[in-house]
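Letter by letter, the chains look like this.
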Amino acid sequence: QVPLVESGGGLVQPGGSLRLSCAVSGSIFGVNIMGWYRQAPGKQRELVATLSGVTTTYADSLKGRLTISRGNAATMVYLQMNNLLPDDTAVYYCTVNGFLSNGRPFNSWGQGTQVTVSS
């Protein structure tokens, strides 16, 4: 598997912004889909955003407040979150699938980064 390391979470006031980062390490050949999910306490993990090539998708409830992007080498994926609400409080997970340099597919998840929106 390919390790993913998220960063950028923290405590922010309602209306504030955060930028989450996810670093992809290891020897990879290419990436198919990069994405972010989140899981709030007592709730199921839900899709936040995905990026495949130049195509982005966002959860309907989050459109307009988020931007997913990646670095030039596809070894970084970012999630810019604006106008954060208390309901956005959750652990955010990065996920990437693609192919290793040996041609084998991989599907990896990060360990999660906590985002807390509170005054």
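Model, not experiment: these values are computed from the prediction. (Residues numbered from 1 in each chain as written. Predicted model: local features only at pLDDT ≥ 70, side-chain atom pairs only at ≥ 80, totals over all residues. Heavy atoms only, no water.)

Explain the pairing of strand β7 (residues 66-70) here, please?
When a strand is regular, its side chains alternate between the sheet's two faces. Sheet analysis places β7 next to strand β8 (residues 76-81), joined by five bridges and oriented antiparallel. Following the sheet pairing, L66 is matched in β8 by M81. The turn linking β7 back onto β8 is made up of five residues, and A74 within it adopts a positive phi angle of 60 degrees. (Pairing = 2+ DSSP bridges. Helix = DSSP H or I, 4+ residues; strand = E, 2+ residues; numbered from the N terminus.)

So what exactly am I meant to see when it comes to the state of the cysteines here?
In protein chemistry, a disulfide is the covalent bond that joins the sulfur atoms of two cysteines. Applying the stated criterion to the full structure yields one disulfide. Across the disulfide from C22 sits C94; the S-S distance is 2.1 Å. Here the disulfide of C22 and C94 is left-handed, its torsion about the S-S bond being about -80 degrees. Taken as a pair, C22 in strand β3 (residues 18-24) and C94 in strand β9 (residues 90-100) lie far apart in primary sequence, 72 residues in all. (Disulfide = S-S within 2.5 Å.)

Looking at this structure, how should I read the pairing of strand β1 (residues 4-7)?
With burial as the criterion, only one face of β1 is covered, namely that bearing L4 and E6; the residues V5 and S7 on the opposite face remain uncovered. Looking at chain direction, β1 and β3 are connected through four bridges and run antiparallel. When the sheet's bridge partners are listed, S7 is paired in β3 with S21. (Buried < 20%, exposed > 50% of the residue type's maximum accessible area, 1.4 Å probe, protein only.)

When you look at the environment of V54 in this model, what are you seeing that I'm missing?
Tracing the backbone shows V54 in the loop between β5 (46-52) and β6 (55-58). Assessed through its relative accessible area of 82%, V54 is described here as exposed. Residues V54 and S69, spaced 15 residues apart in sequence, show a C-alpha to C-alpha distance of 9.2 Å.

Read these as spatial facts, not as claims about activity.
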